[in-house]
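# Structure assessment
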Amino acid sequence: MAATQKPDDIEIRAATTEEAVEIANFHVKVWRETYKDMAPEEAIRVLNEERRLPGWIEVLASTDVRKNTQIALADGKIVGLVSYGPPSSEVFGQRGEIKHLYVDGSQRGRGLGRHLLQQALQEMRKLDFDGIGLSVVRENMAARRFYKSLGGTEHSEFQDPGPIWKSSNILVIWPTSAEVD
């Protein structure tokens, strides 16, 4: 499978701390669209911009070179993002973690998510991680098929202790030495 080219009308670049509010707003919008039929109503309501913003400020202000957030812009507006770094849970072992991969509904089907994921996997392979992983909600079949199409292997299941929603998740992994084209 060849590397996916980003759509021509999309700019991809590193996010800045000044964009934390816009990123938190985008994150909440796409997360709610994605999980509206999977997450409990309380999680949809409580996991809002105010709750997400401190985490984004912390991530974007980090000086850890293993942490990175790339945003995709169309006409100056965020339409996609990928964020990764050191593992946030022992479930990942020594693997790097893809923490967020979101694409606006208006951009789906254009190869943007595939491009962002491939770019993140390529960059993470340059870092000192023992593989790469991400967590996906068990019921999110579209995402599970997507990750499998890009060489991800469903490794194990676990309960995400999340602050509001204790979801059943699957750890999807990629080895650092594998080629993902």
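None of the values given here were measured: they were computed from a predicted structure.

This brings us to the packing of aromatic side chains. Taken as a whole and assessed by the stated rule, the structure comprises 5 aromatic pairs. Where Tyr-35 meets Trp-165, the ring centres are 5.7 Å apart and the plane angle is 65°; that geometry is what we call edge-to-face. Pair noted here: Tyr-35 is in helix H1 (residues 20-35) and Trp-165 is in the loop between strand E6 (153-159) and strand E7 (168-174), with a separation of 130 residues, a long-range link. Considered together, Tyr-35 and Trp-165 belong to a single accessibility category, that of buried residues.

All right, on to the sheet that holds strand E3 (residues 77-85) then. Strands pair in a sheet through their backbones, by hydrogen bonds, and they do so in one of two ways: parallel or antiparallel. Judged by pairing direction, the sheet is mixed, and its 7 strands sit side by side in the order E1-E2-E3-E4-E5-E7-E6 without closing on themselves. What marks the edges here is a single partner per strand, and that holds for strand E1 (11-14) and E6. Strand-to-strand twist in this sheet, taken as the mean axis angle between neighbours without regard to direction, amounts to 25°. Pairing analysis gives 6 bridges linking E3 to strand E4 (residues 96-103), with the strands arranged antiparallel. In the strand pairing of E4, Gly-80 is matched with Val-103. Across the sheet, helix H4 (residues 112-124) is in contact with E1, strand E2 (68-74), E3, E4, strand E5 (132-137) and E7; its angle to E4 comes to roughly 160°. Along the sheet, helix H5 (residues 141-149) contacts E4, E5, E6 and E7; its crossing angle with E5, the most-contacted strand, is approximately 160°.

Right, let's talk about H5 for a bit. For H5, the set of buried residues is Ala-143, Arg-144 and Tyr-147. Taken around the axis of H5, the buried residues stretch over an arc of 100°, which confines them to a single face. With respect to the buried face of H5, the exposed residues turned more than 90 degrees away are Arg-145 and Lys-148. Here the buried face of H5 lies against E4, H4, E5, E6 and E7. Just downstream of H5, Gly-151 is the residue with a positive phi angle, here 90°.

About the cut-offs
Residues numbered from 1 in each chain as written. Predicted model: local features only at pLDDT ≥ 70, side-chain atom pairs only at ≥ 80, totals over all residues. Heavy atoms only, no water. Phe/Tyr/Trp six-rings, centres within 6.5 Å; stacked < 30°, edge-to-face > 60°. Helix = DSSP H or I, 4+ residues; strand = E, 2+ residues; numbered from the N terminus. Buried < 20%, exposed > 50% of the residue type's maximum accessible area, 1.4 Å probe, protein only. Pairing = 2+ DSSP bridges. Axes fitted to C-alpha atoms, helices over the stretch in contact; angles between N-to-C directions. Contact = heavy atoms within 4.5 Å. Arc of directions from axis to C-beta.

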